[in-house]
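Close look at the chain arrangement
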Amino acid sequence: MRLRLLLAGSILLLTLTPLSAQIGSDAMGVHNLGPGGNSPLSGARPDPCAYCHAPHSGLNLGLWNQKLTTQKYVVYSSKTETNIGRQPTLGYSSNQCLSCHDGTVGLIGQTVAYGAVTMHGSMNQSDILGSNMQSSHPFSLILPLKDNIDLNAALVGSHKTGDITGAVKLIGGNVECTSCHDPHVQAKDGISQNFLVKKSINGQLCLACHDPTRQLGAQVNPLADWAASQHALSPTKVSAQAHVGSYPNVAANACISCHAPHNARGAQILRGPNEGDCISCHNGGTNISPSLPQVNVFSEYAAPKIGHPFPGTAGATGLHDASEAPLLNNNRHATCVDCHNPHASAQVPAAFPPPPLIRVSQKDTAGISATDGTTPLTPAINQYENCLRCHGASSGKQTLIMYGYAPMRAVAASDPLNLIPQFDTSAVSSHPVMHPVNNGFSQLSLLPKMLDVNGAPNGRSMGTQILCTDCHNSDDNRESGGLGPNGPHGSKYTHILEHRYEFSHAGAAGGLITNLFQPPDLGINGPYGLCAKCHDLSIVMSAKSWTGHINHVNDGFTCSTCHSAHGTGTAGGSVSGERLINFDLKVVAPNNGVLSYSHAGNSCVLVCHQVAHNPGGGVSPANVRRISPLRK
């Protein structure tokens, strides 16, 4: 559990748009409510201090003069929060600020010493916080404060912040409005003129309380790699209409690029719920101005493409929760933060780390061990470990037609959607995702380099291991020569595949295949395009591979009829599982009760497309007239 004090903030004015009137030489700025001041709200009394203070007749602390609010608030709460909020003390720091900013006092200018002051104008709506503080940074916490690994140790140890200037401070050992705001000086930060106690460029206010460098036993600091992250370093310019902070670029806005100290729209004081928090910058629009064209991540989820399911969208069940376990049991969703850690994700480099290591954009994300399918890894070391949060031993997995045809394999584990047995080192055969390729295995068709999305041999050199995203990727991803985002956000091809991969369909097992691909197109855009990314299909079609390939492919059958794209975990009956052979039982049927494959003899016994493959290698009509002639 960690305390969600991810943004130092308080209850005073925090508009993100430029001020309508510059404060000039008036230090109080919009808090000068006297005639001729810069506030949108002004009163008849000429002495600006009198709206809050009375020199002899004030209430409680600070000679307070404004009528105090007695509103009861819904305090901030979170399942990841260590410290718990309470009602602000009447007459104390935060209660004084809220006497104007919760909007419950009839009119500002209801003074104790001077009565009601005639006022003109009104406060900006963005400065009225109401009674629900769930959308504001937590304050007025139950004391004593509780420690947490992402907090500066001095908060609990000596009741001080980590700000060496002393400007950011605890009030009576607590986080209050005036911990971060000085109500008497609007522009100590000349860019973010929000009454901050000091300049907060590059997240200085936040880092006064939150310490990314702290280590505490075996605990994992969720902010550990903040200093090297893209959000901490990016010089990408940000336009005012993005409303993600007052500063000119992503690095300068830092924490407030994603978090809003007040009036946040999402949990953990995020600017938007789940993906809504990321969309201002990652939608391919003009809100940010990088040196390279900004990729539009969210276009990958728009029709005709299909993407991972956000909470509340088709195919999703349950909602994302910041406290959820890495293993997503009965909670089928894929938010941005399930695969990316915004506090650690680094800039995409010119060269990626070799497979199966996790990509830098996924740095410090949670994962699941492939050893047992349940042990959390924080963080994941290999990319597939992050994928196993959903695609391993978790319960509640679904086969959704929206992602395309799902074959039924002759040999399958009790949970056919658990990918661990299919890729495990004990698997009879598999693509080398969770283990290196067997050095004794010779794959003649393997290309020297992977093909890009347009078929050019410019991809990564072929190695001993591959990534999940070598197959499951945006169809226009940048790594493979496109202009879109890398990763399995969404694709126009089924199962979020980078290239086309067709599945043979039959009306019944052993019956006619209804979608023959004739004549065969072996190119990168053909029905076998995904296989063509890594394999020279002309060699597959030659006698160097298996003599039967040319006949079956020329007749229009697809790879999926006989091969499992992931792997075959174990042998079953007389199907050995070698060479990824694992028949689709929706297409293939037993021949007189026998379904078998022998790699040694390169022969099989089965019925497919109304043709019987018999023991000894011969073929014959399966009691029906053969429609499409097949060769042995």
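Definitions and cut-offs
- Residues numbered from 1 in each chain as written.
- Predicted model: local features only at pLDDT ≥ 70, side-chain atom pairs only at ≥ 80, totals over all residues.
- Heavy atoms only, no water.
- Helix = DSSP H or I, 4+ residues; strand = E, 2+ residues; numbered from the N terminus.
- Buried < 20%, exposed > 50% of the residue type's maximum accessible area, 1.4 Å probe, protein only.
- Contact = heavy atoms within 4.5 Å.
- Phe/Tyr/Trp six-rings, centres within 6.5 Å; stacked < 30°, edge-to-face > 60°.
- pLDDT = per-residue confidence, 0-100.
- Disulfide = S-S within 2.5 Å.
- Salt bridge = Lys/Arg side-chain N within 4 Å of Asp/Glu carboxyl O.
- Pairing = 2+ DSSP bridges.

Side note on the overall build of the protein chain
Within the protein chain, the secondary structure is distributed over 12 helices and 16 strands. Taken along its principal axes, the extent of the C-alpha atoms in the protein chain is 110 × 45 × 40 Å. Across the 632 residues of the protein chain, 49% fall into the buried class. Summarising the internal contacts of the protein chain: among those between residues at least 6 apart in sequence, 59% fall at separations of at least 24.

A look at helix α1 (residues 93-101)
α1 sits mainly inside the fold: 9 of its 9 residues count as buried. Residues S93, S94, N95, Q96, C97, L98, S99, C100 and H101 constitute the buried set of α1. Against α3 (177-180) lie the buried residues of α1. Just beyond α1, the residue with positive phi is G103, at close to 75°.

Some thoughts on the packing of aromatic side chains
All told, the structure shown has 5 aromatic pairs when counted by the stated rule. Between the aromatic rings of Y405 and F503, the centroid separation amounts to 5.6 Å while the plane-to-plane angle is 45°, which identifies the pairing as tilted. Residue Y405 is found in the loop between α8 (383-391) and α9 (420-423), and its partner F503 is found in the loop between β9 (490-491) and α10 (529-532); the two are separated by 98 residues along the sequence. Like Y405, the residue F503 is buried in the burial classification.

Details of the confidence of the model for the protein chain
For residues with low pLDDT, the predicted coordinates do not support detailed interpretation. Averaged over every residue, the pLDDT of the protein chain is 89; residues scoring 70 or more account for 93%. Put simply, strand β4 (residues 288-289) is where the protein chain has its lowest mean pLDDT, 85, and strand β6 (residues 367-368) is where it has its highest, 98. Taken as a whole, residues 624-632 scores under 50 in pLDDT and shows 18 contacts with residues more than four places along the chain or in a different chain.

Digging into unusual backbone geometry
Residue A303 is joined to P304 through a cis peptide bond whose omega torsion reads 10°. For P304, the position within the fold is in the loop between β4 and β5 (306-307). Cis rather than trans, the peptide bond between Q518 and P519 has omega equal to -10°. Structurally, P519 is set in the loop between β9 and α10. The phi dihedral of L580 is positive, around 65°, even though this residue is not glycine.

Remarks on the state of the cysteines
Within the structure shown, the criterion is met by 0 disulfides. With no disulfide of its own, C100 has C52 as its nearest cysteine by sulfur position, at a separation of 5.6 Å. Free of any disulfide, C604 has its nearest cysteine sulfur in C562, 6.6 Å distant. Residue classification places C604 among the buried residues on the basis of a relative accessible area of 17%.

Re α8
Of all 9 residues in α8, 7 are buried, a share of seventy percent or more. Those residues of α8 not exposed but buried are Q383, Y384, E385, N386, L388, R389 and C390. In this fold, the buried residues of α8 make contact with α7 (336-339), β6, β7 (376-377) and α9.

What about the pattern of salt bridges?
Summed over the entire model, instances satisfying the criterion amount to 17 salt bridges. One salt bridge in this structure joins D182 and K188, with 2.9 Å as the shortest N-O distance. Note on D182: relative accessible area 16%, which makes it buried. Taken together, the salt bridges that share partners define one network made up of E300, K305, D475 and D476.

Describing the environment of P355
The topology assignment puts P355 in the loop between α7 and β6. Between the C-alpha atoms of P355 and N65, which are 290 residues apart in sequence, the distance is 66 Å.

Remarks on the pairing of strand β14 (residues 603-608)
Counting buried positions along β14 gives 5 out of 6 residues, so the element sits mostly inside the fold. As paired strands, strand β12 (residues 588-589) and β14 are joined by 2 bridges and run antiparallel to one another. Its bridge partner being in β14, A589 is matched across the sheet by V607. Relative to β14, strand β13 (residues 596-598) runs antiparallel, the two sharing 3 bridges. Note that in β14 the partner of Y597 across the bridge is C604. In this antiparallel pair of consecutive strands, β13 and β14, the connection spans 4 residues, and N602 shows a positive phi of 50°. Bridge analysis of β14 against strand β15 (residues 611-613) gives 3 bridges, and the strand direction is antiparallel. Paired with L606 across the bridge in β15 is H613. Between β14 and β15, which follow one another and run antiparallel, lie 2 residues, and H609 among them has a positive phi close to 55°.

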